[in-house]
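# A look at the structure
Now for the letters of each chain:
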Amino acid sequence: MTKPLSEQPLSPRTASRLDALLIEGSFRVAAEARALEAQGKQIIHLEFGEPDFPAPTHIVEAAVRALREGDTKYAPPPGIPVLREAIAKAARARGIAATAEGILVTSGAKPMLQYAVFAVVQEGDEVLVPDTGFPIYPSLVRLAGGVPRRYPIVRQGDGYALDIDALAAAVTPRTKALMLNSPHNPTGWVATAGELEAMAKLALANDLWVISDEIYDGLTYEAGGSPSIAEIPGLKDRTIVIDGFSKRYAMTGFRLGFGIVPPGLARHITSLIINNTSCAPHFVQRAGLAALEGPQDCIVEFREAFRARRNMFTAALDLIPGVTAPRPAGAFYAFADVREALERAGISTGVLATRLLHDFGVAALPGTDFGPAGEGFLRFSFAAAPTLLERAAGLFGKCIESLAPASGIEQYAIPEAL
Ligand code: PLP
């Protein structure tokens, strides 16, 4: 086992807080995949949560125009006023009572997540984080001196759901905040109005902050979209909504996100921004403005493409003996349930993911990268070309077939189309 960073023989010594950090599995698997590619292997990349579409032209043009017009200097730390206004307007259209003073623009959603945690969590505070869930949540909580307490998102019928009783049972007198993520990475769960109401009740009864990561808003496939907990009466003043442009506008590399925060918190988070990046780049903010004020067809176009891929890919995975792939209601991940296949083969999810990458050339993430509840699951991003997804499903079928042909798994006939 590798030693904690703070115990490694670096001189001078590093700070022990480095041991609190977890990294996203996608960066680890991508590095492993690139090393295999350097040896001449072909890899299908389904590890990253990144739309494969280029950013829409009008958004790129707005950034270029802004650069040419001289938006190359520092911007106001909380964001340029026109963009804060536009974000507040879009939030109101969703039903969140936002005003520009409560909008903070950051370099991606991730810094805003960090600011939110740093603003409300102190030494010893407990924070409820989803299991499975984005690994950055427990990492940031520990970095802030807090203690993450995991609550389960469970497989239920043909999808995933919140176990509200387990969530309620995880609350203690030291609980300070509830982190939630809907649409959810990695399962594609979208919180129902009832689930949000139950979480809101819990937050009110226990005087909790709510940090609601809504980065996949706009990427839902069922009627009703993804409501925000901040819309519930009484919740706005204790909720920090985390959102951004990365996913629904295919702008991951622009690094542009934002928070919708109670106005009383805005100046504190502005101090955190000043202590970190000073501001998000001005010309990138102009691109964000173009995204919000320009035609919105790109969101519909991306979403419909993802829907078709979701349907095709989960159907192909479902054909594999020992594997079931619930259709996600939102985001762009298939969280395949491989428990039956693993049980028969007597191996862990991590071993399966490694074998899939090294022997079959498909990069996916073991569910355990998203918490202990991920044992028995694999996350595939379907934000990739349909031909690649078809090939990946075929290769995954062969991988499962190769595990334990003598142990009762029926032979898997690779469909012609794959
Ligand atoms: N939150 C969740 C749940 C994510 O899955 C991601 C990216 O994968 C982020 C936040 C980070 O978004 P950004 O790239 O805008 O920092």
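Preceding this paragraph is the structure being described.
The notes below deal with the structure included here. It should be emphasised that the depicted structure is a prediction, and the values quoted were computed from it without experimental measurement. (Residues numbered from 1 in each chain as written. Predicted model: local features only at pLDDT ≥ 70, side-chain atom pairs only at ≥ 80, totals over all residues. Heavy atoms only, no water.)

### Thoughts on the overall build of the chain
Our working definition: Numbering of helices and strands runs from the N terminus, with a helix taken as a DSSP run of H or I at least four residues long and a strand as a DSSP run of E at least two residues long. By the convention used here, residues are in contact when the closest approach between their heavy atoms is within 4.5 Å. We get accessible surface area from the Shrake-Rupley algorithm with a probe of 1.4 Å; when it comes to residues, only the shown protein chains can shield them. For the purpose of counting charges, residues Lys and Arg are taken to be positive, whereas Asp and Glu are taken to be negative. His and the chain ends are not included. Charge placement uses NZ in Lys and CZ in Arg. For Asp and Glu, CG and CD serve respectively.
Helices and strands together make up the secondary structure of the chain, namely 13 helices and 13 strands. Taking the intrachain contacts of the chain between residues at least 6 apart in sequence as the baseline, contacts between residues at least 24 apart amount to 73%. Taken as a whole, the chain presents about 17,500 Å² of accessible surface, with 55% of it coming from carbon and sulfur. Looking at charge distribution, the chain has the averaged site of its 39 positive side-chain charges lying 5 Å from that of its 45 negative ones.

### Regarding the site of the ligand
Formally: Any residue with at least one heavy atom within 4 Å of a molecule or strand is counted as near it. By the criterion applied in these results, polar contacts are pairs of N or O atoms within 3.5 Å in which, for protein atoms, one can donate a hydrogen and the other can accept it, and in which residues neighboring in sequence qualify only through two side-chain atoms. Only Asp, Glu, Lys and Arg are considered charged in this grouping, and only Ala, Val, Leu, Ile, Met, Phe, Trp, Tyr, Cys and Pro are considered nonpolar; every other residue, Gly among them, is considered polar.
In the neighbourhood of the ligand, 13 residues make up the surrounding shell, with Asp213, Tyr216, Ser246, Lys247 and Arg255 lying closest. Contacts to the ligand include tyrosine 216, whose side-chain N or O atom sits 2.7 Å from an oxygen atom. Here an oxygen atom of the ligand sits 2.8 Å away from a polar atom, N or O, in the side chain of arginine 255. Of the residues contributing to the shell around the ligand, the split by class is five nonpolar, four polar and four charged.

### Focus: the sheet that holds strand 6 (residues 175-181)
Stated precisely, the cut-off is as follows: Strands are labelled as partners when DSSP assigns at least two bridges between them. For helices, the fitted axis covers only the stretch in contact; all axes are lines through C-alpha atoms, and the angles between them, taken along N-to-C directions, range from 0 to 180 degrees.
What the eight strands build is an open sheet, ordered 2-9-8-7-6-3-4-5; its pairing is mixed. Both edges of this open sheet fall to strand 2 (103-106) and strand 5 (159-162), since each of them pairs with a single strand only. Each strand of the sheet is rotated relative to its neighbour by a mean of 25 degrees, with strand direction disregarded. Judged from the four bridges that link them, strand 4 (residues 147-156) and strand 5 form a sheet pairing that is antiparallel.

### As for the packing of helix 2 (residues 57-68) against helix 9 (residues 282-293)
As a reminder of what qualifies: Left-handed is the label given to a crossing in which the near helix is rotated counterclockwise from the far helix by less than a right angle, and right-handed is the label when the rotation is clockwise.
The N-to-C vectors of helix 2 and helix 9 enclose an angle of 145 degrees; their axes lie 8 Å apart at closest approach. Crossing hand, helix 2 versus helix 9: right-handed. Across from His58, Ile59, Ala62, Ala63, Ala66 and Leu67 in helix 2, the residues of helix 9 making contact are Phe283, Arg286, Ala287, Ala290 and Ala291. Partitioned by chemical class, the residues of the contact of helix 2 with helix 9 number nine nonpolar, one polar and one charged.

### Focus on the pattern of salt bridges
Rules: Within this document, salt bridges are pairs made up of a side-chain nitrogen of Lys or Arg and a carboxyl oxygen of Asp or Glu, the two lying within 4 Å of each other. Each residue is placed in one exposure class: buried if its accessible area under a 1.4 Å probe, protein chains only, is under 20% of its type's maximum, exposed if it is over 50%, and partly exposed if it falls in between.
As enumerated under the stated definition, the model contains 17 salt bridges in all. Measuring nitrogen to oxygen at the nearest pair gives 2.9 Å for the salt bridge that ties arginine 155 to aspartate 337. Here arginine 155, found in strand 4, pairs with aspartate 337, found in strand 10 (residues 333-337); they are 182 residues apart in sequence, far enough to count as distant. Accessibility expressed as a relative area gives 27% for arginine 155, which makes it partly exposed. Between arginine 307 and glutamate 304 there is a salt bridge, and its shortest N-O distance comes to 2.8 Å. Taken as a pair, arginine 307 and glutamate 304 lie in helix 10 (residues 297-318) at a separation of three residues, close to a single helical turn.

### A few points about the nonpolar core
Note the following rule: We define a nonpolar core as any set of buried Ala, Val, Leu, Ile, Met, Phe, Trp, Tyr and Cys residues linked to one another through side-chain atoms lying within 4.5 Å.
Within the largest apolar cluster, 99 residues are counted, with the highest numbers of intra-cluster contacts made by Leu317, Phe380 and Phe396. Apart from residues no more than four positions distant in its own chain, phenylalanine 380 is found in contact with Leu46, Phe313, Leu317, Phe332, Tyr333, Ala334, Ala336, Leu356, Val362, Ala364 and Phe396. Counting residues in each nonpolar core, the second largest holds 24 residues, with Val171, Ala203, Ile232 and Phe335 among its members.

### Quick notes on helix 2
Two residues of an α-helix separated by three or four positions point the same way, owing to the 3.6 residues in each turn. For clarity, the cut-off: What a helix is expected to span follows from its residue count: subtract one and scale by 1.5 Å. Think of the arc as the fan of directions from the helix axis to the C-beta atoms.
With twelve residues, helix 2 should reach 16 Å at 1.5 Å per residue; the first-to-last C-alpha distance of 16 Å fits that figure. What helix 2 keeps buried is the set Ile59, Ala62, Ala63 and Ala66. Viewed along the axis of helix 2, the buried residues span an arc of 95 degrees, placing them on a single side of the element. Facing away from the buried side of helix 2, by more than 90 degrees, are the exposed residues Thr57 and Arg68. Here the buried face of helix 2 lies against helix 9. Phi turns positive, to about 95 degrees, at glycine 70, one or two residues after helix 2.

### What about unusual backbone geometry?
Residues aspartate 131 and threonine 132 are joined by a peptide bond in cis, for which omega reads 5 degrees. Looking at the element boundaries, threonine 132 is found in the loop between strand 3 (126-131) and helix 5 (136-143). Following asparagine 185, the chain continues to proline 186 via a peptide bond in cis, the omega torsion being 15 degrees. With respect to the helices, strands and loops of the structure, proline 186 is situated in the loop between strand 6 and helix 7 (193-205). Located in the positive-phi region is alanine 250, a residue other than glycine, with phi close to 55 degrees. In this fold, alanine 250 is placed in the loop between strand 8 (239-244) and strand 9 (257-260). Overall, alanine 250 belongs to the buried group, its relative accessible area being 8%.

### Structural notes on the environment of lysine 110
Within the fold, lysine 110 resides in helix 4 (residues 109-120). Owing to a relative accessible area of 31%, lysine 110 belongs among the partly exposed residues under this scheme. Separated by 259 residues in sequence, lysine 110 and aspartate 369 have C-alpha atoms that sit 18 Å apart. Setting aside anything within four residues of it in sequence, one finds lysine 110 in contact with Glu24, Phe27, Phe134 and Ile136.

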